[in-house]
Amino acid sequence: QKEVEQNSGPLSVPEGAIASLNCTYSDRGSQSFFWYRQYSGKSPELIMSIYSNGDKEDGRFTAQLNKASQYVSLLIRDSQPSDSATYLCAVTRDGGGADGLTFGKGTHLIIQP
Amino acid sequence: DTGVSQNPRHKITKRGQNVTFRCDPISEHNRLYWYRQTLGQGPEFLTYFQNEAQLEKSRLLSDRFSAERPKGSFSTLEIQRTEQGDSAMYLCASSPADQPQHFGDGTRLSIL
């Protein structure tokens, strides 16, 4: 059974600091990896996608992938109160991300002003 | 804004009734997905369409659930004989080929 594990938190980070969110997955055949942000009562919003080992940066966000360790992470630099949300890690076997996603339960992030 | 549109936003119904939800994907997105999310959990995949073809169904999609995408555009998800355990947020997502999925605002179902 495919599983995606995340620490549910809450993870509390001071404003301006780096928030580090982690995710492990069980299916070694996973090819595509995504981070979604979900505000309370809202739908998931795509933050980052990553498909190959290493780092991918987009503004204040950096995704890191290590397929050998089956580990994905998301770093948020210069954290802002507006970053307070639940962050969902999602994976799929399809290289183009076409199949149904398997999500973790999410990490609740709180940025303290 | 031409994002994924879902209707209704909220549905309250009595146990045993049938309900139907609609999803209009982003135009030109040929892939459409349905998920279910309960409180404190991540979304769970239900089913996936490429154009009008239903290509994958989760074992979560019991025989009380049926989804259609007759013309490869909008999709409907029907739940027959609703049960208390069906209470959840039903999310629709769409994507073009080989691109990440984008979600609609969801339909929140409450079973009395």
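Further up the page is the structure itself.
Presented here is a report on the structure given in the accompanying data block. Treat the numbers as computed from the prediction; the structure is a model and nothing was measured.

Some words on the nonpolar core
The nonpolar side chains of a soluble globular protein tend to be buried, and buried together.
1) Next: If you look at the biggest cluster of nonpolar residues, it comprises 23 residues, and the most contacted ones within it are Trp35(A), Val72(A), Leu74(A), Ile76(A) and Tyr87(A).
2) Next: Contributing elements (two or more residues each) for this core: strand S3 (19-25), strand S4 (32-38), strand S5 (45-50), strand S7 (61-66), strand S8 (71-76), strand S9 (85-92) and strand S11 (107-112) of chain A.
3) Next: Core analysis: the next-biggest nonpolar cluster, separate from the first, contains 19 residues, Cys23(B), Phe49(B), Phe65(B) and Leu109(B) among them.

Let's talk about the packing of aromatic side chains
1) Next: Per the counting criterion, the structure on display carries 11 aromatic pairs over all chains.
2) Next: Between Phe34(A) and Tyr51(A), the ring centres sit 6.0 Å apart and the planes meet at 85°, which makes this aromatic pair edge-to-face. Taken together, the residues Phe34(A) in strand S4 and Tyr51(A) in the loop between S5 and strand S6 (54-58) connect sequence positions 17 residues apart.
3) Next: With a centroid separation of 5.8 Å and 70° between ring planes, the pair formed by Tyr35(B) and Phe45(B) is classed as edge-to-face. Taken together, the residues Tyr35(B) in strand S4 (residues 31-37) and Phe45(B) in strand S5 (residues 44-50) connect sequence positions 10 residues apart. In this structure, Tyr35(B) and Phe45(B) share a single accessibility class: buried.

A few points about the pattern of salt bridges
1) Next: Counted according to the given criterion, the structure contains 10 salt bridges over all chains.
2) Next: Here Arg37(A) makes a salt bridge to Glu45(A), at a shortest N to O gap of 3.0 Å.
3) Next: Given the relative accessible area of 13%, Arg37(A) is considered buried.
4) Next: A salt bridge links Arg36(B) to Glu44(B); the shortest N-O distance between them is 4.0 Å.
5) Next: Owing to a relative accessible area of 12%, Arg36(B) belongs among the buried residues under this scheme.
6) Next: We classify Glu44(B) as partly exposed; its relative accessible area is 32%.
7) Next: Here the salt bridges do not stand alone but share partners, grouping Arg64(B), Glu83(B) and Asp86(B) into one network.

About the thresholds
- Residues numbered from 1 in each chain as written.
- Chains lettered and ligands numbered in written order.
- Predicted model: local features only at pLDDT ≥ 70, side-chain atom pairs only at ≥ 80, totals over all residues.
- Heavy atoms only, no water.
- Core = buried A, V, L, I, M, F, W, Y, C linked by side-chain atoms within 4.5 Å.
- Buried < 20%, exposed > 50% of the residue type's maximum accessible area, 1.4 Å probe, protein only.
- Helix = DSSP H or I, 4+ residues; strand = E, 2+ residues; numbered from the N terminus.
- Phe/Tyr/Trp six-rings, centres within 6.5 Å; stacked < 30°, edge-to-face > 60°.
- Salt bridge = Lys/Arg side-chain N within 4 Å of Asp/Glu carboxyl O.

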